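Single-letter residue listing:
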Amino acid sequence: MNSYLTKKIWEMRKNIKTLPGSPVVALIHIASKVYQLAFLSCGCENACTFCNYGFDYNLTLELVKPELEKINLDDYDIEELDLEANGSFLSEREIPYDLFLEVLHFVANSNIPTIAIETHYKTITEEKIKDIRNILGKNREILFELGFESADEDIRAIYNKDINIDQYLEVAKLCESYNIGLIINVLLGAPFLSREEQIQDCLNSLDFIYENFPKGTHVVLFPINIKENTMLKHWQDIGVYDEISSWEFVELLYRVPYKYLEMITIAWWGKRENAFTKGISQFPKTCQKCQKRLLEFYDDFYCNRDAGYRKNLLKSIWETRCECDQ
């Protein structure tokens, strides 16, 4: 990580305050039958330029367990449950190990078929994988969602993203050996690049991931959201960056090769907010005329994985795109 950027980002995060009444844990509906179990942890130890995962109080088993027990997962029709902290769920700095084990036992008592865990690749160890498999069972589908953002080292430097590709791929192999699937995050909207360069970076990253990662790896494409107390917001304030158009995200999806269409998903396209930080994100730009249509398109794309269906959906919306993008 860049020491100057890291220092400035950590200074910004000190301004982040927890909203009054924020829960230490919340069950959040994402879309379709996908839910997220989110924990208000102390904040990420990394310092990405687009992220405002700040520093707050420390979670403990004694603090969280009573609130966790108020949530009955069987009251909901859940096919996939995502475990997420305010940074990395497998970080012992954020989620102490006794709390981590308690959450696994809590989830194991449900009949949810797929459990996804969002974390940094450096937090993954064989010991943790063994505990996950032993508690959640050998047959349940387990996924790790990992930040990657770009296959281009120079662009990751803009994001202040600390990744060693060789080590990352070793972690991927370790996960594969325990039949744990991977969801890799790729970000659209890198600062200081043109729209075409931003799109091409994502397409290049897709190629890299599907050529180098284990078979069955999926990718989540994210359009950048500008959040308060981030370097992106600072760059916007001084006039060197602004949020991307939602139609740029549509164009990226339209240009994704057909062979990848069933292997990708999308996130943060314009209506989702963190349960603890409502109202502090700038979503991709739309005009009043096309906003509703775009949100309906994203929901449809997210909920239907068939490549043929998605291709027709993309062709229809891209060829009739709004005049605000022409």
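Structure shown above.
Description of the structure in this document.

## Overview of the environment of Gln-200
Thought 1: The topology assignment puts Gln-200 in helix 7 (residues 195–212).
Thought 2: The class of Gln-200 is partly exposed, set by a relative accessible area of 31%.

## Considerations on the packing of helix 9 (residues 246–255) against helix 11 (residues 307–319)
Thought 1: The interhelical angle for the contact between helix 9 and helix 11, taken along N-to-C directions, is 140°, at an axis separation of 10 Å. The angle between helix 9 and helix 11 falls in the class oblique. Judged by the sense of rotation from one axis to the other, the crossing of helix 9 with helix 11 is left-handed. Counted together, Trp-247, Val-250, Glu-251, Leu-253 and Tyr-254 of helix 9 and Lys-311, Leu-314, Lys-315, Ile-317, Trp-318 and Glu-319 of helix 11 form the full contact between these two elements.
Thought 2: Classifying every residue of the contact of helix 9 with helix 11 gives seven nonpolar, no polar and four charged.

## Remarks on the side chain of Glu-94
Thought 1: You can see Glu-94 is positioned in the loop between strand 3 (80–84) and helix 3 (97–108).
Thought 2: Notably, Glu-94 is buried but unbridged: the nearest opposite-charge side chain belongs to Arg-93, and the N-O separation is 5.0 Å.
Thought 3: Polar side-chain contacts of Glu-94 include one of 2.6 Å to the side chain of Ser-41.
Thought 4: Within polar-contact distance, the side chain of Glu-94 engages the backbone nitrogen of Gly-87 at 3.3 Å.
Thought 5: Filtering out sequence-adjacent residues up to four positions away, Glu-94 remains in contact with Ser-41, Cys-42, Gly-43, Cys-44, Leu-59, Ala-85, Asn-86, Gly-87 and Ser-88.

Criteria and thresholds
Every chain begins its residue count from 1, and numbering advances along the sequence as written. With the structure being a predicted model, the display of local features is reserved for residues of pLDDT at least 70 and the display and counting of side-chain atom pairs for 80 or more, all residues being used for whole-chain, interface and lining totals. Side-chain calculation: all heavy atoms of the structure are included, whereas hydrogens and water are not. Secondary structure follows DSSP: runs of H or I at least 4 residues long count as helices, runs of E at least 2 residues long count as strands, and numbering of each begins at the N terminus. Residue exposure (1.4 Å probe, protein chains only): buried if accessible area is under 20% of the type maximum, exposed if over 50%, otherwise partly exposed. Each axis is a line fitted through C-alpha atoms, taken for helices only over the stretch in contact, and angles between the N-to-C directions span 0 to 180 degrees. Here the word oblique covers every angle except those under 35 degrees (roughly parallel), over 145 (roughly antiparallel) and from 65 to 115 (roughly perpendicular). Left-handed is the label given to a crossing in which the near helix is rotated counterclockwise from the far helix by less than a right angle, and right-handed is the label when the rotation is clockwise. Contacts between residues were defined by any pair of non-hydrogen atoms, one from each residue, lying within 4.5 Å. Think of it as three bins: nonpolar holds Ala, Val, Leu, Ile, Met, Phe, Trp, Tyr, Cys and Pro, charged holds Asp, Glu, Lys and Arg, and polar takes everything else, Gly as well. Working convention for charge: Lys and Arg count positive, Asp and Glu count negative, and His plus the chain ends are omitted. By salt bridge we mean one thing: a side-chain nitrogen of Lys or Arg within 4 Å of a carboxyl oxygen of Asp or Glu. Nitrogen and oxygen atoms within 3.5 Å of one another constitute a polar contact, given that in protein one can donate a hydrogen and the other can accept it, and given that sequence-neighbouring residues count only through two side-chain atoms.

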